[in-house]
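# Descriptive structure summary
Residue strings, one per chain:
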Amino acid sequence: MATDAGQPGASLAIMVCYALPRTVWHRELCLPQGATLQQAIDASGFAAAFPRVNPASSGTGVFGKLKPLDYRLHDHDRVEIYRALSFDPMDSRRRRAHHKAKKGKAIHQLEKSARNKA
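Residues numbered from 1 in each chain as written. Predicted model: local features only at pLDDT ≥ 70, side-chain atom pairs only at ≥ 80, totals over all residues. Heavy atoms only, no water.

### As for the nonpolar core
Across soluble globular proteins, you tend to see nonpolar side chains buried next to one another. Core analysis: the biggest nonpolar cluster contains 17 residues, and Ile 14, Val 16, Leu 31, Ala 40, Phe 46, Leu 73 and Val 79 have the highest contact counts within it. Contributions of two or more residues to this core are made by β1 (11-19), β2 (24-32), α1 (37-44) and β5 (78-81). Among the elements that make up this core, the one with the highest residue count is β1 (four residues). (Core = buried A, V, L, I, M, F, W, Y, C linked by side-chain atoms within 4.5 Å. Buried < 20%, exposed > 50% of the residue type's maximum accessible area, 1.4 Å probe, protein only. Helix = DSSP H or I, 4+ residues; strand = E, 2+ residues; numbered from the N terminus.)

Structure (structure tokens):
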């Protein structure tokens, strides 16, 4: 596995991950000290496994924090390659708010109708 990261010639234990809708693709690597995020992606075989995905445009990060491809990795980093969103989060929030408001009006109408009958 990895040796002391402070020593010259030390290596880094790195995991490269790509989450799919129903599974997670990942590779564990041992890279030289000073390796970059791009080098980890290249060494993982990601391009061969997912030729249509461009990490530069889809986004990359380490432990959930966006990082550029030239980011220098540290021992035990988890490199993440992100997928494009399948929906706009703001549109989704608007739909939920609209649905909630519509549901609230319907409940209010039922309560008003029940009061009128009593």
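What follows continues from the structure just given.
### Quick word on the packing of aromatic side chains
Enumeration over the complete set of coordinates arrives at five aromatic pairs. Ring plane angle 75 degrees and centroid distance 5.1 Å describe the contact between Tyr 18 and Phe 46, whose orientation is recorded as edge-to-face. Placement of the pair is Tyr 18 in strand β1 and Phe 46 in helix α2 (residues 46-49), with a sequence separation of 28 residues. Look at Tyr 18 and you get buried, because its relative accessible area is 6%. Here a set of aromatic residues connected by ring pairs shows up, and it is made of Tyr 18, Trp 25, Phe 46 and Phe 50. (Phe/Tyr/Trp six-rings, centres within 6.5 Å; stacked < 30°, edge-to-face > 60°.)

### Structural notes on unusual backbone geometry
Residue Phe 63 is not a glycine yet carries a positive backbone phi of 50 degrees. At His 76, a residue that is not glycine, the phi angle is positive and equals roughly 70 degrees. In this fold, His 76 is placed in the loop between β4 (65-66) and β5.

### Quick word on the sheet that holds β2
Pairing in this open sheet of five strands is mixed, and the strands run β2-β1-β5-β3-β4 from one edge to the other. The open sheet terminates on both sides in strands that have one partner only, identified here as β2 and β4. Two strands pair when backbone bridges link them, and strand β3 (residues 60-62) and β4 are joined in this way by two bridges, in the antiparallel orientation. Bridge pairing links Gly 61 to Leu 66 in β4. (Pairing = 2+ DSSP bridges.)

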